[in-house]
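# Inside the fold
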Amino acid sequence: MEALKGRDVLSLADLNTTEIQDLLDLAAKLKGGEINLRCNKVLGLLFYKASTRTRVSFSVAMYQLGGQVIDLNPDTTQVGRGEPLVDTARVLDRYLDILAIRTFDQQELELFANYAQIPIINALTDLEHPCQILADLLTVQENFGSLAGTTLTYLGDGNNVAHSLMLGSALMGMNVRIATPSGYEPNPDIVEKAKAIAKGSEVIVTNDPIIAVKGSNVLYTDVWASMGQESLAEGRIPIFQPYQLNEELLSIADPNAIVLHCLPAHRGEEITDGVMEGGQSRIWDQAENRMHAQKALLASVLGAN
Ligand code: CP
Ligand code: NVA
């Protein structure tokens, strides 16, 4: 399994439609136990922000492949004391086989990738969260059989998750609708990129949650204030309230619609308890799929067999 051998994944748009589809199909086979891959490699995790799912799912995926994981906590390594990234990148390159980074600035990730020859994986930046969206696409595929032609609506902040969802949906022929309050729209460069990638499918950015949700197959939301924006959280609550994923909005989606949330969730803010725990929620499958999708990614980038 080496379709992506040696490649960086800094953005979901670093992968093309076929590469994503192959990863999803591999993830489904790994999940179903149809194939078993092994690689004796070492993954580094360099996370400048908190993480439960990404940290644990990457670690378990690597262990199940027969590899090892080193957690490079910035508080206990020299990076937290200001060692230049260009130095750290060249040193880690000599020890590790692959490095997953969670940080703020996408440019920091790009700097790492420029100075390290080993594959660098985006484990979340302020701009994108590509590994999350691989799991999301796997969850949609499991529920609808295929991706092309389905409609996904994202409600809330035009953030990292929204950006990677736009790119991933456009690449896979899905219609994507992003509904945000005015002033919280996604990055215009990402919107343009998604529109350029989409071949016939719709890429809609609107401030109207009702138009965005009507007839949609997948409703998705995320926190209203991302990591690093905690001080803004309280002030955003009244602004974002009309975009809450609640029973009323869910009732105007397609009757077979599924509900996704990347987690962690603020119940009672961006999503109600009832919707999260309701029959249309696929949130726990989605969280599990992080592990299967990332195992497929690791296997492909590391050339497991
Ligand atoms: N969804 C996600 O990336 O979760 P963590 O922040 O827990 O890794
Ligand atoms: N948008 C959220 C996603 C967390 C997985 C954040 O960046 O905090």
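This section reports on the structure supplied with the text. (Residues numbered from 1 in each chain as written. Chains lettered and ligands numbered in written order. Predicted model: local features only at pLDDT ≥ 70, side-chain atom pairs only at ≥ 80, totals over all residues. Heavy atoms only, no water.)

### Considering the pairing of strand 1 (residues 42-47)
Of all six residues in strand 1, five are buried, a share of seventy percent or more. Here strand 1 runs beside strand 2 (residues 68-71); their pairing, made up of four bridges, is parallel. Of the residues in strand 2, the one forming a bridge with Gly44 is Ile70. Remark: the strand 1/helix 2 (residues 53-64)/strand 2 crossover connection has right-handed handedness. Sheet topology places strand 1 next to strand 3 (residues 98-102); five bridges connect them, and they run parallel. Each bridged residue has a counterpart across the sheet, and for Leu46 the counterpart in strand 3 is Ile101. (Buried < 20%, exposed > 50% of the residue type's maximum accessible area, 1.4 Å probe, protein only. Helix = DSSP H or I, 4+ residues; strand = E, 2+ residues; numbered from the N terminus. Pairing = 2+ DSSP bridges. Right-handed = clockwise from strand over helix to strand, strands pointing away.)

### A word on the packing of helix 5 (residues 130-144) against helix 6 (residues 160-171)
Taken N-terminus to C-terminus, the directions of helix 5 and helix 6 make an angle of 55 degrees; their axes are 9 Å apart at the nearest point. By the angle between their directions, the pair helix 5 and helix 6 is classed as oblique. Relative to helix 6, the crossing made by helix 5 is right-handed. On helix 6, the residues that touch Pro130, Ile133, Asp136 and Leu137 of helix 5 are Val161, Ser164, Leu165 and Gly168. For the contact of helix 5 with helix 6, the residue count by class is five nonpolar, two polar and one charged. (Axes fitted to C-alpha atoms, helices over the stretch in contact; angles between N-to-C directions. Parallel < 35°, antiparallel > 145°, perpendicular 65-115°, else oblique. Left-handed = near helix turned anticlockwise from the far one by under 90°. Contact = heavy atoms within 4.5 Å. Nonpolar A, V, L, I, M, F, W, Y, C, P; charged D, E, K, R; others polar.)

### Considerations on the nonpolar core
Core analysis: the biggest nonpolar cluster contains 65 residues, and Ile20, Leu43, Phe58, Leu297 and Leu298 have the highest contact counts within it. Broken down by element, the residue count for this core peaks at eight residues, all from helix 12 (residues 283-302). Ignoring anything within four residues of it in the chain, the contact list for Ile20 reads Leu12, Leu15, Leu134, Leu137, Leu171 and Met172. In this structure, Leu219, Leu250, Ile271 and Met276 belong to the second largest nonpolar core, which totals 17 residues. (Core = buried A, V, L, I, M, F, W, Y, C linked by side-chain atoms within 4.5 Å.)

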